[in-house]
Amino acid sequence: MNLHQALNFNENKKTITFTATWDASGMSAIDSWIYRLNELSEQYNVLVTVHPWTSEKYKELLRNNRSIHYLNNPDTLKYLMLSDCVIGDTSSILAEACALNKSIVTIKSKTAKRSLKEIDQLIKDISFQIDPQEDLMKTIGYAVNHSSEKQNQRDKANILMFDKLDGQAGQRAVKVISDYLPELIR
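Residues numbered from 1 in each chain as written. Predicted model: local features only at pLDDT ≥ 70, side-chain atom pairs only at ≥ 80, totals over all residues. Heavy atoms only, no water.

Novice: Please set out the nonpolar core residue by residue, giving values where relevant.
Specialist: Counting 28 residues, the largest nonpolar core has F18, W33, L136 and I140 as the members making the most contacts within it. Every element with two or more residues in this core is listed here: β1 (14-20), α2 (37-41), β2 (44-50), α3 (56-64), β4 (85-88), β5 (103-107), β6 (128-130) and α7 (136-145). Those residues in contact with L136 that lie beyond four places of it in its chain are F18, S32, W33, R36, L40, I87, V105, I107 and I130. Counting 11 residues, the second largest nonpolar core, distinct from the first, contains L94, A97, C98 and L122. (Core = buried A, V, L, I, M, F, W, Y, C linked by side-chain atoms within 4.5 Å. Buried < 20%, exposed > 50% of the residue type's maximum accessible area, 1.4 Å probe, protein only. Helix = DSSP H or I, 4+ residues; strand = E, 2+ residues; numbered from the N terminus. Contact = heavy atoms within 4.5 Å.)

Novice: Help me get a handle on the packing of aromatic side chains, residues and values and all.
Specialist: Evaluated as defined, the whole model comprises three aromatic pairs. With 4.8 Å between their ring centres and 35 degrees between their planes, F18 and W33 make a pair best called tilted. One end of the pair, F18, is in strand β1; the other, W33, is in the loop between β1 and α2, and 15 residues separate them in sequence. Considering the side-chain rings of F128 and Y142, the 5.5 Å spacing of their centres and the 80 degrees angle between planes classify their relative orientation as edge-to-face. Of this pair, F128 sits in strand β6 while Y142 sits in helix α7, and the two are 14 residues apart along the sequence. A relative accessible area of 8% places F128 in the buried class. Positioned over the ring face of F128 is K150, at 5.7 Å from the centre of the ring. (Phe/Tyr/Trp six-rings, centres within 6.5 Å; stacked < 30°, edge-to-face > 60°. Lys NZ or Arg CZ within 6 Å of the ring centre and 35° of its normal.)

In structure tokens form, the structure reads like this:
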């Protein structure tokens, strides 16, 4: 049985994944979509993952929503691979979606204490970005059907974030850290 079947997903629907960063960070867009999941699940198979520190009130809503599949596990890669589009805010999962060359929709979040203009620009470049009040359903539909439109931007971002997509980014990071901080690894 494949994952699509294990999740009891409708083979005739596209699959979308929602992700949100920690709501107390001030950079989360979870309020823009959490109350629309039932509506969205009529047209799409819906997966949802949120930051581990997300408020319990949101996690409870997600756990109790039978029209979606809530990923209560940090290992989301196999689910992202299943997705036709990933919808988020500033969540680091967007980098994984980018590496997998998935179509991405982002809901612009407010500038917060932890915001970085370079990261905000990178997210805008790799995604179909909307303001919270814009038509989410229409944008998701567009992103699902026009995934290749942002491929060049995703390719550039992948080089910036990962150098190469060869599964060795962690080893390269260790080398860079070791070269800069040799006394820590003795």
